[in-house]
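Notes for the structure review
One-letter residues, chain by chain:
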Amino acid sequence: MKKNIINAPDLNKTRKRNLAQEVRIIYDELVVPDIVQKKAPGLKFLILTYGCQANVRDQEVMEGMLLQAGYTKTNNIKNAALIILNTCAVRENAEQKVLGKLGSLKSLKENNKDLIIAVSGCMIGEPVIVDTLLNKYHQVDLMFGTNEIKNLLNYLAKVYQNKEVVVAANDDNNDIVELLPSTRLSSFKAYVNIMYGCDKFCTYCIVPYTRGQQRSRSSVDILKECQDLKARGYQEITLLGQNVNAYGKDLKQDISFGALLKSVAATSIPRVRFLTSHPWDFSDEILEAFLEYPNLMPYLHLPIQAGSDRILTLMGRRYHKNDYLNLITKIRLKLPHIAISTDIIVGFPNETDQDFMETIDVVKKVRFDSAFTFIYSPRDGTPAARMPDDVPYKTKSQRFISLVNELEQIIEVKSQQYLGKTVKVLVDGVSKNDPEMLNGYTEDNKLTHFKGPKTLIGSIAKVRINSAHIHYLLGELDAA
Ligand code: 5AD
Ligand code: SF4
């Protein structure tokens, strides 16, 4: 099959980004190419999303575009005429899952030559992956990166028209395209992007390459979206960015994240959350916002990544262990009830036992309410992947197990504080393992299961907790 490489991923080019280049905000309406308009009616699509919340929001935008073009959505992969795997590149195991899925789609494609298989998302920012897909995965018709979603329909047109494999990793421009249609996967919880990309370049991380330069949306556009969600009855908004503290730093008028947070909370949407904060540059204004607005949910995700200063420096994190500990003390002094979660990587190149014990020390001192833990996974093209590493994988996985044990002991003890208390739960739906039970999240983000009528889904219920576990709480509907 002919290949049309519109733009190939280029890590060097992405690294040497031109921060002086102006970010344009485009307010054009979506144009559906003729051939797509003709083909789409009667065709069904399915998007499988891997990875983080940013990818979920990307899925909603892709769905909006495809629906507007005339496709319909299906949950049955066998009925789909267009399958998009919306991928994550942050660790190798996420990629393995996608490659495995592509393998299983091969026979579908062999039985249905008209089936279009596309791969989108962060994996398409990686040269090795694009090469692998081009050379070994001939079932893939279209590859497009996170900044190319806006052109999805144009690329589909090329695939239909020219019967060629199209690759569009990420274009050079820094446009923010505002008026793309989108669905919402939930009718009561919404993600709102406040910025795209990341300029932090932590040495282990592929995201600054795959999602490109940091670009903040205008606060006017963000607020409009939040007000619209409020008017439509949404109960919860999560503001999304790789590094929300840096919001606005790339804008000409410097609007801070703290100020943005206050104006979103002032819409009086019942629950406001945000993800992810970087400990560097965490402002007092954010803490003030929490004190001022009770609808800012008392939960903070603040990745530490490692406890050793040596490793933090090698990671390019821009803070030391004590800076992080002091920040936590300051936060808890002002907001004693806020739950704090974190991300931790073990097994960074040449991490010693002593380095690892520093991580354990932070865990003991901070006593996190929850944590996401990872074994370091080298990402091709990042500085950390070039660091020699003589730590055996077995040592890394042993450290991982002892870290998880330490965290679980702490979280189990901490979760006992909920016993006998009544908490407010935004009800998500029916529990997976027990159709009798509903589930949802407390204000401080604890997963909670309880028995109740399905009519509660989408509303905030009061639940009295009678059993507390590491990963969830159990309770009963509080009639009062
Ligand atoms: N290896 C392991 N974990 C990683 N993360 C990011 N890059 C890597 C990597 N190369 C983790 C970080 C980040 C979270 C989203 O994923 O902890 O905060
Ligand atoms: Fe990756 Fe660091 Fe940016 Fe987070 S802040 S996306 S870890 S580079």
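Use the structure listed above.
Below: a short report on this structure.

Thresholds, definitions, all that
Residues numbered from 1 in each chain as written. Chains lettered and ligands numbered in written order. Predicted model: local features only at pLDDT ≥ 70, side-chain atom pairs only at ≥ 80, totals over all residues. Heavy atoms only, no water. Phe/Tyr/Trp six-rings, centres within 6.5 Å; stacked < 30°, edge-to-face > 60°. Helix = DSSP H or I, 4+ residues; strand = E, 2+ residues; numbered from the N terminus. Buried < 20%, exposed > 50% of the residue type's maximum accessible area, 1.4 Å probe, protein only. Near = heavy atom within 4 Å. Nonpolar A, V, L, I, M, F, W, Y, C, P; charged D, E, K, R; others polar. Polar contact = N/O pair within 3.5 Å; in protein donor to acceptor, adjacent residues only side chain to side chain. Areas by Shrake-Rupley, 256 points an atom, 1.4 Å probe, with all protein chains shown as cover.

1. Description of the packing of aromatic side chains
Inspection of every chain in the model, using the stated rule, returns 6 aromatic pairs. Look at Phe274 and Phe290: their rings are 5.9 Å apart centre to centre, the planes differ by 50°, and that puts the pair in the tilted class. Of this pair, Phe274 sits in strand S14 (residues 271–275) while Phe290 sits in helix H10 (residues 284–292); the two residues are 16 residues apart in sequence, bridging distant segments of the chain. Judged by relative accessible area, which is 3%, Phe274 ranks as buried. Owing to a relative accessible area of 9%, Phe290 belongs among the buried residues under this scheme. Judged by centre distance (6.4 Å) and plane angle (50°), the rings of Tyr324 and Phe368 are tilted. Placement of the pair is Tyr324 in helix H12 (residues 321–334) and Phe368 in the loop between helix H13 (353–366) and strand S17 (370–375), with a sequence separation of 44 residues. Since its relative accessible area comes to 1%, Phe368 is described here as buried. Aromatic rings pair up to connect Phe257, Phe274 and Phe290 into one cluster.

2. Overview of the site of ligand 2
Every residue lining ligand 2 is accounted for by Cys198, Lys200, Phe201, Cys202, Tyr204, Cys205, Val207, Pro208, Gln242, His278 and Arg317. When its residues are assigned to classes, the shell around ligand 2 shows 7 nonpolar, 2 polar and 2 charged.

3. Some remarks on the site of ligand 1
Close contacts around ligand 1 come from Val90, Arg91, Tyr204, Gln305, Asp343, Ile345, Phe374, Ile375, Tyr376, Ser377 and Arg379, and that covers them all. Side-chain polar atom of Arg91 to an oxygen atom of ligand 1: 2.8 Å apart, as the coordinates give it. With respect to ligand 1, the backbone of Tyr204 contributes an N or O atom lying 3.0 Å from a nitrogen atom. Isolated, ligand 1 exposes 400 Å² of accessible area, and the fraction of that covered by the protein chains is 85%. Every element with two or more residues in the shell around ligand 1 is listed here: strand S16 (339–346) and S17. Residues of the shell around ligand 1, tallied by class, amount to 6 nonpolar, 2 polar and 3 charged.

Read these as layout, nothing more, since geometry by itself doesn't imply function.
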